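# Working through the structure, step by step
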Amino acid sequence: MTKFLGLHETLDLHELLSFKNLCLTKATTMSILAQDPELQAILSADVTTGTQHIQQLQQFLTNRRENS
């Protein structure tokens with residue numbers, strides 16, 4: 001059986017992807033500007049997880065078909 005993403009699901013994924021990209025941009029910028037090493041570590045970890053989340057969302061959009 002083949003499943004496709006619905007239009008509303010695709011739009012939701014695009015919205016999440018845009019939000020995650022914005023968060024990633026902000027965390028990257030703030031990690032450069034932050035002077036506290038602990039805050040830099042937190043922001044760096046957020047950049048790492050944010051990048052992983054964006055890659056997962058992109059996979060959902062590019063692999064629109066799931067074979068079960």
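Placed above this text is the structure.
Residues numbered from 1 in each chain as written. Predicted model: local features only at pLDDT ≥ 70, side-chain atom pairs only at ≥ 80, totals over all residues. Heavy atoms only, no water.

## What to know about the overall build of the protein
Filter applied, for reference: Helix and strand assignments follow DSSP, with helices taken as H or I runs no shorter than four residues and strands as E runs no shorter than two, numbered in order from the N terminus. Residue contacts follow a heavy-atom distance rule, with two residues in contact if any of their heavy atoms lie within 4.5 Å.
Within the protein one finds two helices and two strands. Secondary structure elements in the protein, listed N-terminal to C-terminal, are β-α-α-β. A sequence separation of at least 24 residues applies to 74% of the contacts in the protein between residues at least 6 apart.

## Some thoughts on the nonpolar core
Inclusion rule: Working definition of a nonpolar core: buried Ala, Val, Leu, Ile, Met, Phe, Trp, Tyr and Cys residues. They are joined through side-chain atoms within 4.5 Å. Here's how the labels work: a residue is buried when its accessible area is under 20% of the maximum for its type, exposed when over 50%, partly exposed in between, all with a 1.4 Å probe on protein chains only.
Within the largest apolar cluster, six residues are counted, these being Leu-13, Leu-17, Leu-24, Ile-54, Leu-57 and Leu-61. Not counting residues within four places of it along the chain, the set of residues in contact with Leu-13 comprises Leu-5, Leu-57, Phe-60 and Leu-61.

## Overview of helix 1 (residues 7–33)
One turn of the α-helix equals 3.6 residues, which is why residues spaced by three or four share an orientation. Let me state the cut-off plainly: Helix span, as expected, comes to 1.5 Å for every residue beyond the first.
Taking 1.5 Å of rise per residue, the 27 residues of helix 1 would be expected to cover 39 Å, and the 39 Å separating its terminal C-alpha atoms lies within 8% of that figure. If you check which residues of helix 1 are buried, you get Thr-10, Leu-13, Leu-17, Leu-24, Ala-27 and Ser-31.

## Structural notes on helix 2 (residues 37–62)
Look at helix 2: 37 Å from first C-alpha to last across 26 residues, which is about the 38 Å you get at 1.5 Å a residue. Taken together, the buried positions of helix 2 are Leu-43, Gly-50, Ile-54, Leu-57 and Leu-61. If you follow the buried residues of helix 2, they end up packed against helix 1.

## Observations concerning a nonpolar patch on the surface
The test is simple: Each patch is built from residues lacking any salt bridge and having more than 30% relative accessible area; the joining distance is 9 Å for like charges and 5 Å for nonpolar side chains (Val, Leu, Ile, Met, Phe, Trp, Tyr). Using a 1.4 Å probe, accessible areas were evaluated by the Shrake-Rupley method; residue-level cover was limited to the displayed protein chains. Basic side-chain nitrogens of Lys or Arg form a salt bridge, by our definition, when they fall within 4 Å of a carboxyl oxygen of Asp or Glu.
The grouping of Met-30, Ile-32 and Leu-33 at the surface amounts to a nonpolar patch, some 330 Å² of accessible area in total. You can call Met-30 partly exposed: its relative accessible area is 39%.

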